[in-house]
Amino acid sequence: MFQCPICEQNTNIPVGGASVLPQNLHLGFEVEVAGYMSKMTSNSDVACDQCAEGSSDPAVVFCCACHHFLCAFCLEHHKRNRMWSKHKIVGLDQEGARQLHTTMKPRDHYCSQPNHEDNKLNFYCETCSLLVCLHCTTGTHKSHSVKEISTVAKTQQMEMTGALEDAKEVVTKLTGAIDENKRMIEQVEISSRNAFLAINQAFEILQQTLEERKQTLLSELEAITLSKSTALTLQKEQFEKMVGDIGHYTDTASQILQTHTDHGIVALGGLIPTELQATLKRVQTISLTPNQHSNISVSVKTDDLIRQLSKLGSIFDFYPSPSSCTWMSTSAAKVGTRYHVKVQSKTSKGEEYPHGGVEVKGEMRSKTHNGAVVYGEVEDHRDGTYTITLTPQTAGPHQLLITMDGQHVQNSPNDLDVRPKRDYHTLCNAQQVIQCYSPLCVAIHDNGDIYVGSYDHCIYVFDQTGQLKNTIGSRGSGDGQFSYPYGISIKGDVLYVADTGNHRVQKLTSSGKFLHKFGQEGSGQGQFNSPVAVIIDSNNKLIVSDFYNHRIQIFNENGGWLLTIDGKGSGNHCFQSLWGLALDPQGNIHVAAYGSNTIKVFSKEGVYVRMYGDPNGPRGLAIDGEGYSLVSEFGGHCLSIYDPEGNKIHTVGNLKYPHGTALDPRDGSVFIANYGAKTVLKYCVNI
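To start, this report covers the structure provided alongside it. (Residues numbered from 1 in each chain as written. Predicted model: local features only at pLDDT ≥ 70, side-chain atom pairs only at ≥ 80, totals over all residues. Heavy atoms only, no water.)

It is worth spelling out the overall build of the protein chain at this point. If you tally the helices and strands in the protein chain, you get eight helices and 41 strands. Relative to the globule expectation of 26 Å for 687 residues, the C-alpha radius of gyration of the protein chain, 52 Å, shows a markedly less compact shape. Reported as C-alpha extents along the three principal axes, the dimensions of the protein chain are approximately 170 × 120 × 45 Å. Looking at the 687 residues of the protein chain, the share that counts as buried comes to 36%. Taking the contacts inside the protein chain whose residues are at least 6 apart along the sequence as the reference set, 48% of them involve residues at least 24 apart. Total accessible area on the protein chain is roughly 40200 Å²; 51% of this is exposed by carbon and sulfur atoms. When the 59 positive and 71 negative side-chain charges of the protein chain are each reduced to one mean point, those points stand 6 Å apart. (Helix = DSSP H or I, 4+ residues; strand = E, 2+ residues; numbered from the N terminus. Rg over C-alpha atoms; globule rule 2.2 N^0.38 Å. Buried < 20%, exposed > 50% of the residue type's maximum accessible area, 1.4 Å probe, protein only. Contact = heavy atoms within 4.5 Å. Areas by Shrake-Rupley, 256 points an atom, 1.4 Å probe, with all protein chains shown as cover. Lys, Arg positive; Asp, Glu negative; His and termini not counted. Charge placed at Lys NZ, Arg CZ, Asp CG, Glu CD.)

Here the focus is the sheet that holds strand β6 (residues 123-125). Sheets are built from strands that pair by backbone hydrogen bonding, the pairs being arranged parallel or antiparallel. Read from one edge to the other, the open sheet built from three strands follows the order β7-β6-β8, with strand pairing classed as antiparallel. In this open sheet, the two edge strands, each paired with only one partner strand, are β7 (130-132) and β8 (146-148). For this sheet, the mean inter-axis angle between neighbouring strands, taken without regard to orientation, is 35°. Two strands pair when backbone bridges link them, and β6 and β7 are joined in this way by three bridges, in the antiparallel orientation. Residue pairing across strands places Cys125 opposite Leu130, the latter belonging to β7. (Pairing = 2+ DSSP bridges. Axes fitted to C-alpha atoms, helices over the stretch in contact; angles between N-to-C directions.)

Further remarks concern the packing of helix α1 (residues 25-40) against helix α3 (residues 94-103). For the pair α1 and α3, the least separation of the axes is 9 Å and the interaxial angle reads 165°. Accordingly, the angle class assigned to the pair α1 and α3 is roughly antiparallel. Considering how the two elements wind past one another, α1 and α3 form a crossing that is right-handed. Along its contact with α1, which presents Glu30, Val33, Tyr36, Met37 and Met40, the element α3 presents Gly96, Ala97, Leu100 and His101. (Parallel < 35°, antiparallel > 145°, perpendicular 65-115°, else oblique. Left-handed = near helix turned anticlockwise from the far one by under 90°.)

Taking burial as the measure, the five residues of strand β20 (residues 450-454) include five buried ones, the bulk of the element. Side-chain alternation along β20 places Ile450, Val452 and Ser454 on one buried face and Tyr451 and Gly453 on a second face that is also buried. Strand direction decides the pairing type here: strand β19 (residues 439-444) and β20, joined by five bridges, are antiparallel. Bridge pairing in β20 places Cys441 opposite Gly453. Note that β20 and strand β21 (residues 458-462) share five bridges and pair antiparallel. Bridge assignment links Ser454 to a residue of β21, and that residue is Cys458. Where β20 folds back on β21, the antiparallel hairpin that results is connected by three residues, among which His457 adopts a positive phi of roughly 65°.

To continue, consider the pattern of salt bridges. By the definition in use, this model includes 20 salt bridges. Arg307 is the salt-bridge partner of Asp304, the closest N and O atoms lying 2.1 Å from each other. One end of the pair, Asp304, and the other, Arg307, are both in helix α8 (residues 303-310), three residues apart, so they sit about a helical turn from each other. Accessibility expressed as a relative area gives 46% for Asp304, which makes it partly exposed. Where Lys648 meets Asp614, a salt bridge forms, and the shortest distance between an N and an O atom there is 4.0 Å. In this pair, Lys648 is assigned in strand β38 (residues 648-652) and Asp614 in the loop between β34 (608-612) and β35 (618-623), connecting sequence segments 34 residues apart. (Salt bridge = Lys/Arg side-chain N within 4 Å of Asp/Glu carboxyl O.)

See below:
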């Protein structure tokens, strides 16, 4: 086995030895040139290749065309010959050797087959991958695929040129990859230093915290020790004083008994026993037990802390894989409306990556309109998620492209249809009028059926053409009966009714079968005083307007109380006599504050956000997918439309005491319960 000097691949020597290997003409030429250059730069004389053997004239030049060393005489003859006069001649020195590579051309190659030695190798046998002469093409290689060498060379030249271009492109990419690797190595060092600093900082804080806690405990220990010692010392001193007093009286009494006469004993004896008895009585009234126990316990439970500290912190060496990252959007794309895309970065194993800092980009390209591009604004939430916000300017087919570190994430590019913006300015005349006895509220089923709560204590169901197809309920307080159903809401095949006069909410099927009820008259938690509206959020929570209790109550789908938003009091967050409710695309709760002629907005957690508008007696309220609010004004006899920022953009007049309003979930058509005219009106919206 040997290594090819050209491709550097190892190859086995075939049977027959190296002589049967294909001839490498390029390598042979390089060897030949190297031999000439060696002679040209040596200090020894070089024999002339033209002179007869035995000539003593040394060569002085080299002919690059003939590949011959020439003496001065032969050089003169060479110049005189018409065939050779234009040959390139170089001197036998370093400069001549340098020129050799650029001026010397390979000599003609001749066939090595017997009797073919005078025939040039001007053909190439593709069958055998060999250079052959003309005689070979009519002999051994007669039935083979043979082409002129110039044709094969041209083809291979083109292939080689293409390969060189490809190689150049690949080298450019590899060079870029090398630069990127260098940058990544630098980033690794930076990340490592930052991680090192973060680890040190975290543990310095821990050490500081532990030291501070240690000093706090030692201070507490010192205070307890001092307190105990002081109390015991004072008690000891009290006992010592009593012992001293008793000793004084007993010593005095003993001395009197030993030295005094009867007269002296009588004179002093009465005083001593009295004082002594008083002291003894004082001793009996106090506890002789130490007023402090000696135990000072300490509780420093380190086991759990040590276990937690042993697992504290993590070092991540993984990184988001763009092809594993996912994205989603919860709204349709519409012209002029912010379109939000949430991106979740994940590792190659599909695990959520918990850190930010990755370069995320998003753009929307129109497939029409000359490929107009909208670039997104990216918010890095630093937890591995990103929000891309794009505002398309043209309607029609688009392509959404989302990249992470320059690579497409999962399902990117993605086809996207941008819908035209709704034009509420075209609302003017109703396209459909449905006669109905004093309609209070309206809701639209996904199939297009129109549900109308009536002052007649029932719910009428009309088909899309306005034909009555069902009547649900009747006046009463029983299950499935109603007393002024001022609010209805439908989701799927479930109907919820704000049964105002019965102070409850009822749950029925869309066909009217009773399922459940909750609430009773009162002001307590879960009780109502005239509920007038009920809506359902995306989590199936029920939100109810409690009219005379001036509050909003939120329940689970089975009527379990969850939250109360109290509107009593004063201030922007308060409301009196609330009526209609609606949810915007962000899930905020909009309230028709009937008593204060405004619309107030609260978060789903019940936190006041803002207020807008000045409607005259707002009752019905609906919000479309773009955040436009539609408010029926009972006192203003109109429908007012507000943009997402709360600016009034249009008014539909000629109504008569309008109550509820609703949007068709299929096409956004607007329905109004026109109470005073005993009609339900339908307006189509241009999109």
